[in-house]
Amino acid sequence: APPSEAHDALYRWVTRGELSVDVPARLAVVAEAAQAQSVESVVRLIADHGLVREEVPTRFLSESGVWDALLRSGRGMPLTALLRNLAKMTSIGLLSSSSTATRHVYRKLTDGEQLRRARIHPLQVLVALNTYRRGRGVKGKLSWTPDRTVLKALDKAFELSFESVPRTGKRHLLAVDVSGSMGWSEIAGMTGITPAIGAAAMASVTHSVEAACRLTAFSTGLTEVKLARETSLQKVQETFGRIPMGGTDCAQPMLYALKHRIPVDTFVVYTDSETWHGK
């Protein structure tokens, strides 16, 4: 039993497609979009009412004009949605090196204040960058030719997204597992991101934002890693990749700090949990 007349109107709309005066105005707009017969009609509804991608009928989602309207609408394409749909917009030709839409995407992705307000985490950008660079989806048949300007924007967005990470002011010892298994599989839910890539990215973020921070790599032993705070992710990955690997002993960071009498408030161990060495 619906708890109110508004709920009753909503349920009737969902189950029977019946529109009544009690249905919220927004649903009337969505219903109008569902009946639209032309791209122009959908573009008008996006412009006038800020429809989002999920409210646009599927049959119109291969039209560059529709995606352009979503991109230009402040409500229609928030940053998280933009990151998810870069591949689609490129595949239909909207994002190309000479297009106005591409310049708009670049400005939006490199706006540090927008990234901060949207609470975009660096790993979100990293996944988007890795997926876009691949030029093909993991599922389905979608493929695209990555645009250089979009790739450049994603690289910049990754760096700028560090500003969204809060500072703790604590003394950190960061320890990245460099054993062989770190490169064998993907992190759950992060296409193309191995534990090695994810660990390098996460360590880079904390190393960049915390003032008191030691960066180390470990397997059966531990090595301090000297890198500038502004070092690129690719350089960080290359540095860790050159460190000789052995077994995995996740106690090494704590043993190292005890041995060298290093004051630490927070140990952060990045590992795929394949720990089996040591006592």
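Residues numbered from 1 in each chain as written. Predicted model: local features only at pLDDT ≥ 70, side-chain atom pairs only at ≥ 80, totals over all residues. Heavy atoms only, no water.

Draft legend 1. Structural view of the environment of Met-202. Tracing the sequence through the fold places Met-202 in helix 10 (residues 195-209). In this structure the C-alpha to C-alpha distance between Met-202 and Asp-111, which are 91 residues apart in sequence, comes to 21 Å. Discounting residues that sit within four places of it in the chain, Met-202 has contacts with His-121, Leu-123 and Tyr-270. (Helix = DSSP H or I, 4+ residues; strand = E, 2+ residues; numbered from the N terminus. Contact = heavy atoms within 4.5 Å.)

Draft legend 2. A look at helix 5 (residues 79-91). Along its 13 residues, helix 5 runs 19 Å from first to last C-alpha, staying within 8% of the 18 Å computed at 1.5 Å per residue. Of all the bends found along helix 5, the most pronounced is centred on Asn-85 and spans about 55°. In this fold, the buried residues of helix 5 make contact with helix 4 (64-72), helix 6 (100-109), helix 7 (112-117), helix 8 (122-134) and helix 9 (148-160). Positive phi appears at Gly-93, one or two residues downstream of helix 5, with a value of about 90°. (Expected span 1.5 Å × (residues − 1). Bend = angle between axes of the 7 residues up to and from the residue.)

Draft legend 3. The arrangement of the pattern of salt bridges in detail. On inspection of all chains with the given rule, the structure shows 11 salt bridges. Notably, a salt bridge pairs Arg-117 with Glu-113, separated by 3.6 Å at the nearest N-O pair. Of this pair, Arg-117 and Glu-113 both sit in helix 7, separated by four residues, roughly a single helical turn. The closest approach of N and O atoms between Glu-224 and Arg-214, which form a salt bridge, is 2.7 Å. Separated by 10 residues along the polypeptide, Glu-224 in strand 3 (residues 222-224) and Arg-214 in strand 2 (residues 213-218) bring together distant segments of the chain. Among the residues examined, Glu-224 registers a relative accessible area of 24% and is labelled partly exposed. (Salt bridge = Lys/Arg side-chain N within 4 Å of Asp/Glu carboxyl O. Buried < 20%, exposed > 50% of the residue type's maximum accessible area, 1.4 Å probe, protein only.)

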